[in-house]
Amino acid sequence: MSAPLDIPNRDARRLWLAVNGLSGPATGPVDVPGMIEALGLLQIDTIRNVTRAHNHILWSRNRRYREGMLWPHLAKRALFEHFTHDASLLPVSLLPLWQVQFRRLGEKAGRGAWYQSGLAQHEVAAIRARIEAEGALSTQAFETKAESREMWARPPHKKVLDQLWYAGDLATCHRVNFVKFYDLGTRVFPAHDPLPEPEALTRLHDDALNRLTMATQGEVQRFYAVASAEEARVWAEGAATVPLRIQSADGSWRAALAHPEIETRLATAPEVPPRLRILNPFDPAIRDRNRLERLFGFDYRNEMFVPAAQRRWGYYVYPLLDGDTFVGRMEIKGNRAKGEIEVTGFWPEPGSRWGSGRIARLDAELARFAALGEADTVTWTAARPDARR
């Protein structure tokens, strides 16, 4: 075995930001399927703070992106929706590999207590039959009621729809105002030839490493969240990879695997300019919080579902990336009725310098972000960084 390739921390940051589309000019023609193909997946989320996460993630890669540009590509079958680590949109190029996920998640949902609807088999069949006869329907087309008023309670028909959706029997046909419409998978998914499960798993691991470029075995496994740890281990033993040592932000070194083209990608990854970006909490560049802390020394946790009294920061807090360094975080609230976004919390990273240039970059980014959220005013109720100086 050849000696591992050493990648210093600054080079690892540069490569990771390039892999995630965060080192380029963030302009040009808006190619939504192309951006998702490059990322491998796009997490979608119901919470609309300034804008929903999927819109923010795409906008971070192209400032010309606007709300409403995403969903037509689902309706045109350039993308399909399913579950990875969370609900996601995926390139249709992955469909031949995805039958293994349909089967595994369908069986898991069928066994899970959460998805036990209490409906008889003929009632479940009737729900599917309505969709087959009438075409795409949303959950609003059915009338069963949830047994409780708890936040996470779901009516029986919704549990049936979701179980069939996980199994690929139903698929998301389109969305209207983020409401999902279900249709038969055979009518939604483009024609494709599913691969045998062993080959599909190998290809999914290969594809994940291609997107990540450099990763541990566990990071490859968690990228699509399809395979088990043992299956990832077996893949790693036979895969054509390059052994690496990646320097962490604290100076320590960690063993990893790399795509065979690692040296070319490292040589061609551009330097990261001093451009300040407000990133979404669900952005793929920061999705793996442990990886984020290792590479950038940035300790970030999503506290949306943490009780307010126990939060370190706030409800919806955005990391601030300037060049290749995380320089702070801020809580922002959108108010479309008033046409404004409000900065309600600002926390600079210890040791970060907030001079006039960085503050100007932040103000410019806030103005652009406000426009994405259909606002034209930025207000601060938190202390601005120039006031802190």
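Rules and cut-offs
- Residues numbered from 1 in each chain as written.
- Predicted model: local features only at pLDDT ≥ 70, side-chain atom pairs only at ≥ 80, totals over all residues.
- Heavy atoms only, no water.
- Helix = DSSP H or I, 4+ residues; strand = E, 2+ residues; numbered from the N terminus.
- Rg over C-alpha atoms; globule rule 2.2 N^0.38 Å.
- Buried < 20%, exposed > 50% of the residue type's maximum accessible area, 1.4 Å probe, protein only.
- Contact = heavy atoms within 4.5 Å.
- Areas by Shrake-Rupley, 256 points an atom, 1.4 Å probe, with all protein chains shown as cover.
- Pairing = 2+ DSSP bridges.
- Axes fitted to C-alpha atoms, helices over the stretch in contact; angles between N-to-C directions.
- Parallel < 35°, antiparallel > 145°, perpendicular 65-115°, else oblique.
- Left-handed = near helix turned anticlockwise from the far one by under 90°.
- Nonpolar A, V, L, I, M, F, W, Y, C, P; charged D, E, K, R; others polar.

Trainee: Would you take a moment to explain the overall build of the chain for this structure?
Mentor: Of regular secondary structure, the chain possesses 15 helices and 15 strands. Computed over its C-alpha atoms, the radius of gyration of the chain comes to 22 Å, within 12% of the 21 Å expected for a compact globule of 389 residues. Each principal axis of the C-alpha atoms in the chain carries an extent, and together these give about 65 × 60 × 40 Å. The proportion of buried residues among the 389 residues of the chain is 50%. Considering only contacts in the chain between residues 6 or more positions apart, those separated by 24 or more positions represent 64%. When the accessible surface of the chain is totalled, it reaches about 17,900 Å², and 52% of it is carbon and sulfur.

Trainee: So what exactly am I meant to see when it comes to the sheet that holds strand S9 (residues 242-247) here?
Mentor: Think of a sheet as strands paired side by side through backbone hydrogen bonds, with each pair either parallel or antiparallel. One open sheet holds the four strands; their spatial order is S1-S9-S10-S8, and the pairing between them is mixed. Edge strands, defined here as strands with exactly one partner in the open sheet, are strand S1 (5-7) and strand S8 (214-215). Sheet analysis places S1 next to S9, joined by three bridges and oriented parallel. Its bridge partner lying in S9, aspartate 6 is registered against arginine 245.

Trainee: Looking at this structure, how should I read helix H7 (residues 156-166)?
Mentor: Structurally, the α-helix is built with 3.6 residues per turn, so residues lying three or four positions apart point the same way. Counting buried positions over the 11 residues of H7 gives 10, a clear majority of the element. Within two residues after H7, glycine 168 carries a phi angle of roughly 80°, on the positive side.

Trainee: What am I meant to see in the packing of helix H3 (residues 53-61) against helix H14 (residues 356-372) here?
Mentor: Helix packing for two helices is described by the angle between their axes and how far apart those axes are. Contact pair H3 / H14: the axes reach a minimum separation of 11 Å and the direction vectors enclose 135°. Taken together, H3 and H14 sit at an angle that is classed as oblique. Once H3 is placed against H14, the crossing between them reads as right-handed. Across the interface between the two elements, Asn55, His56 and Trp59 from H3 touch Glu365, Arg368, Phe369 and Leu372 from H14. For the contact of H3 with H14, a count of residues per class yields three nonpolar, two polar and two charged.

Purely geometric numbers; function is a separate question.
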